[in-house]
Amino acid sequence: MEIGHHDALYFQEDAPEIPDADYDALRQRNLAIEERFPTLKRADSPSERVGVKVKSGFGKIRHAIPMLSLGNAFADADVEEFVERVRRFLGLGAEEEVAVLAEPKIDGLSANLRYEGGRLVHAATRGDGAEGEDVTRNMLTLDDVPESLPGRDWPEVLEVRGEVYMRKSDFLALNARQEERGNKVFANPRNAAAGSLRQLDPKITADRPLHFFGYAWGEVGRALGETQDEARRTLEGLGFTLNEPARLCRTVAEMLDHYREIERTRAALEFDIDGVVYKVNRLDWQQRLGQVSRAPRWAIAHKFAAEKAETLVKDITIQVGRTGALTPVANLEPVTVGGVVVSRATLHNQDEIERLGVKIGDKVRIQRAGDVIPQVLEVTEDGGGESYRFPDKCPVCASDVEREEGEVVWRCTGGLICDAQAVERLKHFVSRDAFDIEGMGTKVIEEFWTDGLIKEPADIFRLAPHAEAIKGRDRWADQKVRNLLEAIEDRREIPLDRFIYALGIRHVGQTTAKLLARNYTSLDAWRAAMERVADERKETPDETKKPDRVGEAYAELTGIDTVGMAAADSLAAFFGEAHNLTVLNGLAGELDVTDVAAPAADGSPVAGKTVVFTGTLEKMTRSEAKARAESLGAKVAGSVSKKTDYVIVGADAGSKAKKASELGVATLSEDDWLDLIQDKQSGEDRDAEHNGGNTQGALL
Ligand code: IVH
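How each quantity is defined
- Residues numbered from 1 in each chain as written.
- Predicted model: local features only at pLDDT ≥ 70, side-chain atom pairs only at ≥ 80, totals over all residues.
- Heavy atoms only, no water.
- Helix = DSSP H or I, 4+ residues; strand = E, 2+ residues; numbered from the N terminus.
- Buried < 20%, exposed > 50% of the residue type's maximum accessible area, 1.4 Å probe, protein only.
- Contact = heavy atoms within 4.5 Å.
- Pairing = 2+ DSSP bridges.
- UniProt positions renumbered as here; feature names shortened; annotations may be inferred.
- Axes fitted to C-alpha atoms, helices over the stretch in contact; angles between N-to-C directions.
- Salt bridge = Lys/Arg side-chain N within 4 Å of Asp/Glu carboxyl O.
- Phe/Tyr/Trp six-rings, centres within 6.5 Å; stacked < 30°, edge-to-face > 60°.
- Near = heavy atom within 4 Å.
- Polar contact = N/O pair within 3.5 Å; in protein donor to acceptor, adjacent residues only side chain to side chain.
- Areas by Shrake-Rupley, 256 points an atom, 1.4 Å probe, with all protein chains shown as cover.
- Nonpolar A, V, L, I, M, F, W, Y, C, P; charged D, E, K, R; others polar.
- pLDDT = per-residue confidence, 0-100.

### Here we look at the overall build of the chain
Scanning the chain from N- to C-terminus turns up 27 helices and 26 strands. The buried share among the 700 residues of the chain stands at 53%. Long-range pairs, those at least 24 residues apart, make up 69% of the contacts in the chain between residues at least 6 apart in sequence.

If you want it as structure tokens, here you go:
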């Protein structure tokens, strides 16, 4: 939530409250928390988003290929791991060199410039990654943005991506001028650049010295080279300015060397940077690596360290989440860290409190890297207080708390009777990746819950009759009520995957929700299957290892690739609870839940087919094969069933190959499979390839 708040300030208002290193730290921290404690992952987790929706005032432009974000590395080990991941994914041997281009990460705002026939046709900001603002006229006022490309040797379609920034010296001069005139001064060059680019009057932009570095591309009619390095040179030849100092590194040691060198000379650069970006040099490898979530697998940002500060722990309080997880929070004596006032830090769980040995009254060192939830690093001064005692009752509903074996998180057992959980579930339901109801944020949910207007999700869609009553309230102008009701109406139709995700079932995040939706295709089919799963599970409560022994529906569920027993059991528990079925019935009466179409893969011979890979593949790694199959619209399953269409059998395949022949499922060798999908790539790839191009928008 805090990240969301800062995103909005940063992306929409150009007025962040905190330094960027802090923001990054927050995001990183959030990711780390999510990785270590997946159950704490929020519905609207910032790790799933890039920026925020654009503010109106400019026309909107849909990016031909989404503009991605970058994963972050903070420690040297993260960089090493990045290269290892690349090796693993591509199945490279330890002796094979992975050349990586390392260049400064510019702290500006990214933009996409589209050229057709050598002329700039439009320029857009990144926006939410899918759609940005049309800033063509403003971009044309920049010296390093050519209106037409020199010579003749350019691809018919060329999208250049890069960073708009303001030099430090220009920033200082601009602020001095602004102050003199009594105008708003900017917090940093990045905000000044964003504010200047987003002037509705291009004359004002022309007056503000902005620059542009080209470092990437979107749709291109023809490949810009075989490597990142070559592509950079091509861009330079076409009149774009490159961000330097860049270096082609052959080893991790060289990458880290370059990072240290840039960090050391950072202050002397003319522009602000916040880290180093590493990009796998070979473009064919970039293409194969593709993307995960909204970041490429072939690049990573190595960020500079976050700022630290010391302060006092005034209190330790407990927050109860949607799944009942109890999260301790340190309430701090407010302290400024890198320009932002911090008054709370998460302590994650009881183990973390014990590890730190933190008590009320202690002084602690905190660190804010990147965003707002700061991290407590260590106790610096013992306040002499008593050890913190983790509560044994839920602070909201007073139910007992329990901790599952092997888990670090204590949970409230109140389930449906716990108000805290109910409210958190509602917040999740309306959150960005779920129903995404504009105007229905945390505060509104809390207000309507307290007043009894919304007790369960379906009530959201029954608010219209209460419009007059709401209009009578404080801070509820007529227009605001109308907007909210409209936003709600807009969401009566919802794709099945979002619907499933919105239910907030433990272990069912966005990825699992998508897999479920694609596998069962309709709400009715999914629900029927899940009720069978719940029944089967009730009959075999002790079966903890073998899905097959639980039952057929259960086996099908766990056979969906990456849906494990934890998710299956949690689905079984959800559907085994009568109240949840009532909630679902309520929703079904209000909504039109639409079936989920397979990803666009026209002409793909495997669209909608269920495939299983088994044994050792020789031409590509399992991860690559799976990613490729999915991009062609296939469903990848982890086990063979009657519903499997093809089993691709690699070397030393075991029981799955046998099961396939027992069930009469078609088996293919790796070569058969490659023949089958040959030249049958997803629409986007095919177009790019058709033009001989290589895009940096990964496989969708
Ligand atoms: S490459 C597919 N290179 O960082 C990845 N990005 O945190 C395309 N950025 O959205 C980006 N300097 O706005 C790349 N040398 C650089 C960069 C850079 C700054 C920005 C860019 C991106 C963000 C991700």
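### Describing the pairing of strand 8 (residues 211-220)
Every other side chain in a regular strand lies on the same face of the sheet, so the side chains alternate between the two faces. The element strand 8 is extensively covered by neighbouring structure, given that 9 of its 10 residues are classed as buried. Note that strand 7 (residues 157-165) and strand 8 share 7 bridges and pair antiparallel. From the neighbouring strand, V160 faces strand 8, where its bridge partner is W217.

### What to know about the UniProt feature "active site" (unreviewed entry) in the chain
On the UniProt side, "active site" (unreviewed entry) is annotated at positions that read K105 here. Of note, K105 is situated in strand 3 (residues 100-106). Every residue in contact with K105, bar those within four places of it in the chain, is listed here: L70, D272, I273, D274, G275, V276, V277, A301 and K303.

### As for the sheet that holds strand 7
The strand order 5-4-7-8 describes an open sheet built from 4 strands, whose pairing is antiparallel. The sheet terminates laterally at strand 5 (119-125) and strand 8, the two strands that pair on one side only. Adjacent strand axes in the sheet meet at a mean angle of 25 degrees when their direction is disregarded. With 8 bridges joining them, strand 4 (residues 109-116) and strand 7 adopt antiparallel strand pairing. The partner of N112 across the bridge, within strand 7, is R161. Lying on the sheet, helix 6 (residues 189-197) is in contact with strand 4, strand 5 and strand 7; it crosses strand 4 at an angle near 40 degrees.

### Examining the pattern of salt bridges
Taken as a whole and assessed by the stated rule, the structure comprises 49 salt bridges. Note that E81 and R85 form a salt bridge whose closest N and O atoms lie 3.6 Å from each other. One end of the pair, E81, and the other, R85, are both in helix 3 (residues 76-90), 4 residues apart, so they sit about a helical turn from each other. For R85, a relative accessible area of 38% puts it in the partly exposed group. Here R114 and E219 are joined by a salt bridge, their closest N and O atoms 3.2 Å apart.

### Re the sheet that holds strand 2 (residues 72-73)
Taking strand neighbours across the sheet as the criterion, the 5 strands line up as 2-13-10-3-9 in an open arrangement whose pairing is mixed. The open sheet has two edge strands with one neighbour each: strand 2 and strand 9 (247-249). Pairing analysis gives 7 bridges linking strand 3 to strand 10 (residues 273-280), with the strands arranged antiparallel. When the bridges of strand 10 are listed, P104 appears paired with V276. Along the sheet face, helix 3 touches strand 2, strand 10 and strand 13 (299-303) and points at about 175 degrees away from the line of strand 13. This element, helix 9 (residues 252-265), spans strand 3, strand 9, strand 10 and strand 13 of the sheet and lies at about 150 degrees to strand 9.

### Some words on the pairing of strand 5
Direction of pairing for strand 4 relative to strand 5: antiparallel, over a ladder of 6 bridges. Its bridge partner lying in strand 5, Y115 is registered against L120. The hairpin formed by strand 4 and strand 5 contains 2 residues between the paired strands, and G117 there has a positive phi angle of roughly 60 degrees.

### Comments concerning the environment of K471
Locating K471 in the fold gives a position in helix 15 (residues 467-471). Excluding residues that lie within four positions of it along the chain, K471 makes contacts with W476, D478, V481 and R482.

### What about the packing of aromatic side chains?
With the rule as written, the count across this model stands at 13 aromatic pairs. Ring centres of F613 and W673 lie 5.6 Å apart, and the angle between their planes is 90 degrees; on these two criteria the pair is classed as edge-to-face. With F613 in strand 23 (residues 610-614) and W673 in helix 26 (residues 670-677), this residue pair connects regions lying 60 residues apart in the sequence. On the basis of relative accessible area, W673 is assigned to the buried category, the value being 2%. Here the aromatic residues Y115, F212 and F240 are joined through ring pairs into a cluster of three or more.

### Section: the UniProt feature "binding site: Zn(2+)" (unreviewed entry) in the chain
Sites flagged by UniProt as "binding site: Zn(2+)" (unreviewed entry) map to C394, C397 and C418. Look at the named residues: they lie 25 residues apart in sequence, but the longest C-alpha span between them is just 8.5 Å, so in the fold they bunch up. Here C394 lies in the loop between strand 18 (375-381) and strand 19 (401-402). In contact with C394, other than residues within four places in its own chain, are V320, S399, V401, C412 and C418. Not counting residues within four places of it along the chain, the set of residues in contact with C418 comprises V320, C394, V396, C397 and C412.

### Considering the site of the ligand
Near the ligand you find 15 residues, and of these E103, I106, R126, E163 and Y215 are the closest. At 2.9 Å from an oxygen atom of the ligand is found a side-chain nitrogen or oxygen belonging to E163. A distance of 3.0 Å separates a nitrogen atom of the ligand from a polar side-chain atom of K279. Expressed as a share of its isolated accessible area of 530 Å², the protein-covered part of the ligand is 90%. When contributions to the shell around the ligand are tallied by element, the ones reaching two or more residues are strand 3 and strand 10. A total of 4 residues in the shell around the ligand trace back to one element, the largest contributor, which is strand 3. In terms of residue class, the shell around the ligand is built from 8 nonpolar, 2 polar and 5 charged.

### Observations regarding the confidence of the model for the chain
Summary statistics for the chain give a mean pLDDT of 87 and a share of 87% for residues scoring 70 or more. In this model residues 46-56 is a low-confidence stretch, pLDDT under 50, and it forms 48 contacts with partners more than four residues away in sequence or in other chains.

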